Structures are given as C-alpha cells and as structure tokens.
Amino acid sequence: MRDVTEATATEAVVGKLAGCENARLKQVMTSFVRHLHAFVREIEPTQAEWFTAIKFLTDTGHMCDDKRQEFILLSDTLGVSTLVELINNRKSPGMTETSVLGPFWVEGAPHLPLGASIVKDGTAADLLVHGRVHDAEGRPIAAAVLDVWQTAPNGMYDVQDPNQPAMNLRGKFTTGSDGRFDFQTIMPTPYPIPHDGPVGALLTATGRHPWRPAHLHFIISAPGYRLLTTALYFEGDPYVDSDAVFGVKSDLVVRPSPRSDAAGSEVRYDFGLERAE
Ligand code: BEZ
Ligand code: FE
C-alpha cells in the first residue's frame, strides 16, 4: 500500500474492502468510495474547501439532539429523502403517491370520532376534509386509521410552539365499513423548515429558500395494506412549485371548494392503498 497516486487511490481503497464479509455493506461501501472519489476528482477541491466541507458536516452533527435532526434536513433539502421514498414506494397506477414524513409527526395523537375537529386552541374549524380509503380495485377499506397533523396559522406545529395546546391540529380517524372518513380543521399554512443551522446557511449560500407549501400530513394504516405516508398540498400556494424538500406531487395537490351545506370550505380526497406483499 505504498506510493498511492492520483491514478491508483480509488482502487487502493476499494481493494481494502476485499475482506468485508457482509456482502451488502461491501457493495454499498465500494460504490460509495467510487462515487466519492469521482466527485473529488471532478471538483478538485482546495484543502481549504475540503476543510470547509468537513466543518459543515461537523456543525451538522453538533446541531442534532433528541429534538433536532439536522442530517435528515440535509437529506430532505438535497432531495435524497424523496428519492429514497420514491424508490421504496413504486406505485401501481391509481394508488396514492407518498410524500415526506418530516420531523414533526409525534406518537400518541388522540383517536377522535369521525366528523370531529382537530383544532384544540378554540379557533373555529372552517375546513372539512373528507373522502374514502380504497384498495386497488376501488373497494372500501374499513378500519383504516388516518393519523393527521398540520401547522397552525402561525406556521408552527404544536411541538414547536409553547402557546399551542398539546396535540393541537393532530388526530386519528378510523374509516367505517364504507371506507369513508371526515374531519374538521383549518387551512394549514406555509412554513420554513428549521433554517437556523448549517442546512439553512447552505440554502442561503446556494440561493434557495427554506419554505414548504401548506400541507396536511397523513399516515394511513390498515391491516394487510402497505403503510402510506403522504400529504395533501393546495393549488395556488406560493411555494407549491418550489418546495424546499421536494415533497409535492401533482396528484396530491387539491383545490378546496366552498361547502354546500355549511360555511367554510371542503376538500375531498380518496386514498388508494397498496396491498402489503
Ligand atoms: C414537514 O413537512 O413537516 C417537514 C418535512 C421536511 C423537513 C422539515 C419539515
Ligand atoms: Fe409538515
């Protein structure tokens, strides 16, 4: 292993993996080393630039704690979270697309009866969300659980905002035998992803904004079906075509309409779940 040159450096490292007994790890590390070296050969960083990159990763690690995961934000803003999600959720036609989970889902949202409101801070609910959960043949899926969460009008989730009651704008709803669900809420609001750390600095340095368009998050589960993590977005939102984390898919963009039976507006959306393998 003497006299490594520019020409031999990559194969020198790859050769070191010969003894790796875990075949998948060997495949992953071989590919990683090859791509990383190709990247370095392409950009030819100065030593100061390479140190800046290492400092960026160090700062990213230092920003993480049990509430903040800066590496996930990095993955989100580089489109890697969405790419991994797309690779792992290839859909049959007609089935609902997935979208990013984000860091604001929490365990233990209250189970609420169909038709209930998820607003807990006294604001009047003026948005009805309703629809059906169905299988690939369009048959209703009974007892599917929709776990829903969203931002308040100030653009914050309850867990970010000490002024909101716990579990504000969160709830779980179970479909009836007809696969239907409905609940009351308010319009979610666009919000910036946490951008006071190294990922935010990178967005600024590269001329990008940190905003996500307004959305309603859903995790939909039903026995025998693949878990669906998705979100609904809104036509006309200023960020619907420039989401900082690449979560928007056309089929997930809705346009609320005025309610025919009451004040406020409504969104109807039917979710198609894939059978579990
Ligand atoms: C969210 O939608 O909650 C989210 C997704 C990715 C990064 C930050 C927030
Ligand atoms: Fe969100």
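Above this text is the structure in question.
Analysis parameters
Residues numbered from 1 in each chain as written. Chains lettered and ligands numbered in written order. Predicted model: local features only at pLDDT ≥ 70, side-chain atom pairs only at ≥ 80, totals over all residues. Heavy atoms only, no water. Donors = N, O, S within 2.8 Å, 3.2 Å for Na, K, Ca; no water. Tetrahedral: all angles 85-135°; square planar, octahedral: opposite > 155°, others 65-115°. Buried < 20%, exposed > 50% of the residue type's maximum accessible area, 1.4 Å probe, protein only. Helix = DSSP H or I, 4+ residues; strand = E, 2+ residues; numbered from the N terminus. Polar contact = N/O pair within 3.5 Å; in protein donor to acceptor, adjacent residues only side chain to side chain. Contact = heavy atoms within 4.5 Å. Salt bridge = Lys/Arg side-chain N within 4 Å of Asp/Glu carboxyl O. Pairing = 2+ DSSP bridges.

(A) Up close: the coordination of the iron ion (ligand 2). Donor atoms from the polypeptide that bind the iron ion (ligand 2) are Tyr 157 (OH), Tyr 191 (OH), His 215 (NE2) and His 217 (NE2), placed at 1.9 to 2.1 Å. Coordination at the iron ion (ligand 2) is irregular, judged from the 6 donor atoms that bind it and the angles of 55 to 167 degrees they form at the metal. Sequence spacing of the donor residues for the iron ion (ligand 2), all on one chain, is Y-x33-Y-x23-H-x1-H. Considered together, His 215 and His 217 belong to a single accessibility category, that of buried residues.

(B) Expanded view of the side chain of Ser 81. With respect to the helices and strands, Ser 81 occurs in helix α5 (residues 80-88). Within the local environment of Ser 81, its side chain forms a polar contact with the side chain of Ser 75, the two groups lying 2.5 Å apart. Discounting chain neighbours no more than four positions away, the residues touching Ser 81 are Ile 72, Ser 75, Asp 76 and Val 100.

(C) How the structure looks around unusual backbone geometry. Even without a glycine there, the phi angle at Asp 3 is positive, about 55 degrees. Structurally, the position occupied by Asp 3 is in the segment before α1 (9-15).

(D) Representation of the pattern of salt bridges. Counted under the stated rule, the structure contains 13 salt bridges. Put simply, Arg 212 and Asp 243 hold a salt bridge, and the shortest N to O gap is 2.6 Å. Residue Arg 212 is located in strand β6 (residues 211-212), and its partner Asp 243 is located in the loop between β8 (228-234) and β9 (253-254); the two are separated by 31 residues in the primary sequence. Here Arg 212 matches Asp 243 in class, with each residue buried. Residue Glu 277 pairs with Arg 226 through a salt bridge whose shortest N-O separation is 3.3 Å. Separated by 51 residues along the polypeptide, Glu 277 in the segment after β12 (271-272) and Arg 226 in the loop between β7 (215-221) and β8 bring together distant segments of the chain. In this structure, a network of salt bridges that share partners links the residues Arg 68, Glu 70 and Asp 196.

(E) Representation of the sheet that holds strand β3 (residues 170-174) in the model. Read from one edge to the other, the open sheet built from 5 strands follows the order β3-β2-β7-β8-β9, with strand pairing classed as mixed. Each edge of the open sheet carries a strand with a single partner, namely β3 and β9.

(F) Geometry of the pairing of strand β1 (residues 127-134). Where burial is concerned, most of β1 is hidden: 8 out of the 8 residues are buried. Inspection of the sheet shows β1 paired to strand β4 (residues 180-185) by 6 bridges, in the antiparallel sense. Note that in β4 the partner of His 130 across the bridge is Asp 182. Bridge analysis of β1 against strand β11 (residues 265-268) gives 4 bridges, and the strand direction is parallel. Counted as the bridge partner of Leu 128 is Glu 266 from β11.

Remember, this is a structural readout, not a statement about activity or role.
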